[in-house]
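# Architecture at a glance
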Amino acid sequence: MPEVKNENAKVFDPFESLRGLRDSYLDAMSKTMVEAVNTESYAQATGAMLDYCLSASAPFRDALEKSMAQALQQLSLPSRQEVAALAERFTNVEMRLDDLDAKVDRLLSAMATLKQDQDAKAEPKRARQAKKRG
Amino acid sequence: MQSPQSLTEQSLVFQKRLRLFTRVLSTKAPIARTPKELVWTLNKTKLYRYTPVLPPQRRFRIPLLLVFAIMNRPYILDLRPGNSFVEFMIGRGFDVYLLDWGKPGIEDKGMKLDDYAMEYLPRAIRKMKAISGSDVFSMLGWCIGAILTTIYAALRPDDGLRNLLLLTAPLDFSNRDHVTFAKWTDERYFDFEKILDAFGNMPGEMIDSGAKALKPIDNYITNYCKLWDNLDNPRVVEAWHAMNTWVTDNIPMAGAAYRQLIVELYRKNALIRNQLRVKDQLVDLSRIQANLLTVIAEGDHITPPCQSEAILQKVSSIDKEVYRVPGGHIGIMAGSAAHRTTWPHIEQWLSARSH
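Note that the structure is predicted; figures quoted are calculated from it, not measured.

What counts, and at which threshold
- Residues numbered from 1 in each chain as written.
- Chains lettered and ligands numbered in written order.
- Predicted model: local features only at pLDDT ≥ 70, side-chain atom pairs only at ≥ 80, totals over all residues.
- Helix = DSSP H or I, 4+ residues; strand = E, 2+ residues; numbered from the N terminus.
- Expected span 1.5 Å × (residues − 1).
- Bend = angle between axes of the 7 residues up to and from the residue.
- Buried ≥ 20, exposed ≤ 12 C-beta atoms within 10 Å, placed from the backbone.
- Pairing = 2+ DSSP bridges.
- Right-handed = clockwise from strand over helix to strand, strands pointing away.

Bringing helix α3 (residues 80-133) of chain A into the picture now. Residues and elements named next belong to chain A. The terminal C-alpha atoms of α3 lie 76 Å apart, and with 54 residues this matches the ideal 80 Å at 1.5 Å per residue to within 8%. The largest bend in α3 comes to about 30 degrees, at Ala122, with the proline Pro124 one to four residues further on. Counting buried positions over the 54 residues of α3 gives one, only a small fraction of the element.

A few words now on unusual backbone geometry. Residue and element names in this part refer to chain B. Of note, the phi angle at Cys143 is positive, near 60 degrees, even though the residue is not glycine. Summarising the element assignment, Cys143 is placed in the loop between β5 (137-142) and α4 (144-155). Phi at Asn269 is positive, roughly 55 degrees, even though this residue is not glycine. Inspection of the secondary structure puts Asn269 in the loop between α10 (255-267) and β7 (277-278). When the 19 C-beta atoms within 10 Å are taken as the criterion, Asn269 is described as partly exposed.

All names here are of chain B. Here strand β3 (residues 64-67) shows two buried faces, one formed by Leu64 and Leu66 and the other by Leu65 and Val67. One ladder, built from four bridges, connects β3 with strand β4 (residues 96-100); its direction is parallel. Bridged to Val67 within β4 is Leu99. The parallel pair β3 and β4 is bridged by helix α2 (residues 85-90), and the resulting crossover is right-handed. As paired elements, β3 and β5 share four bridges and run parallel to each other. In the sheet register, Leu66 faces β5, and the bridge partner there is Leu140.

Here's what the structure looks like:
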C-alpha cells in the first residue's frame, strides 16, 4: 500500500466545498427546530405518539411478562419481582447497619471525649504526686 | 487535475479520518481519573472522598460535598485531567466528597425525592462529617441535585450546612413559556404513568432523548459535524470524546422520584411555593439560612435562568449571591471556559466562607 508522503497536504474532505453552506443551513434549521419544539402542538404530537407506542406495545409486554413468569415458575427460578423484593429487603438491612454504624461512631466519639475529660482531670493529680516524690 | 498518486494519498488520509471518527464514536474515553476513596455505600449510592493533594495545614477544614442529578453520572464533575472541577478544587485546598447516586434497579422504582434528600443524603453527610472531623460543611447541588440539596437545607437547617451552592437549579416552574419541558409534560399531553407501568423506572434513553430534543439539530447533527471538522485537533477530539462518553452513559430515574418531579414540580410548582411535602414535613424555603450562591447558565435550554432566580427571595440567608455565566446547562462546569469563569468564582466565594 503506498505510504502517505505529506499529511499536511490538502486533505480530501467531501464536505469542504459545501462547509459554509452546510453550516448556514444547519444554523437556520437549528433555530427553526428550537422554535418548533417549543410549541404546544409539538408537545401534543409527541405525547400522542408516545401514548400510541406504549398502548400498542402493552398487550405484547403483558403477554411476555405472563409467559415469562410461568416459565420461571416451572423452572423453579425466581422472577424479577421476587429478586426485586429481595433486593429491597437487603436495602433495609443496609440502612439498619448504617444506623448501627452511626451509633457506634457516636459511642466512640463520646468515649473519646470522656477519656479526654478524665485525662484532663487526672493531670493535676499526677503533677501533685510527681512534686511530692520530687 | 489531481494526479492519481495525489488522489490515492488523499483517499488514505480520508480513510484515516474516518477510522478516527468511528473510533471516537464507538469507544469510551478515560474519564473520572482523579484519585478517590470509597468511604460509604448504601444500596446503589456511594460516597467518595478525593485524595487531598495539599498538606493538612494548607487545606480548608470545612469539607465540600458535591451532589449531582439522579439520572446522570456524577463524574461530569471530574471529566478528565486538566478539565476537572474536582481536580481544580482539591488543588486549592478543599476536602472534596462526591455523592454517586448509582443506577437504580427495578427494586428502586419506589424511591422518591424524599428518600434521596432525607434518607441517603443525611447519611452521607453524617459519614462525611465523621471522616472530616468537621461539624460544618459546604454542599454543591447541580441540576436535580440542587433540588435535593435545597430540600435538605430547608428541612435540616441546623445540621451544620454553612454554604449552599446551587448550579442551574430547576426550582421554579412558573414560567411555562420559557420552560419547554413544562410544556411537554403538561397533563393534557404527557401520560408518564404509562411509561412507569411499562418500565418501572424512567428509562435513561428516554430522558436523554428528551434533553436532546430541545435542540435536535445541534445534538443530532451539528455536534458530529464539529467532531468531523476538528479531527486534526487532538485537544478538541479528546474533549469531545470525554463529553460524549458522559452523555451516552445514561441511567434511569427512579419511578416514584420521576412522578414527583413531574407532578409536584413541573405541574404544581410546589417547591418554590413552599407547598412541597417531604417525609410528611412541609419544605419551607425560608428556613434555609446557609450562605447561598446560585449559579445561572445564561444559555441554558434545559433549566432556563428563570427557574433559578426566585430562590433568592425565598431563603432567609443573609449572605446570598447570584452568579450568571454565559454557557449551557453542562458547559458552565464542564466546558472549555469553565476553568476561567465558573470554577474560579466558586472557589473564591467558597474559600472566603470556609474558615
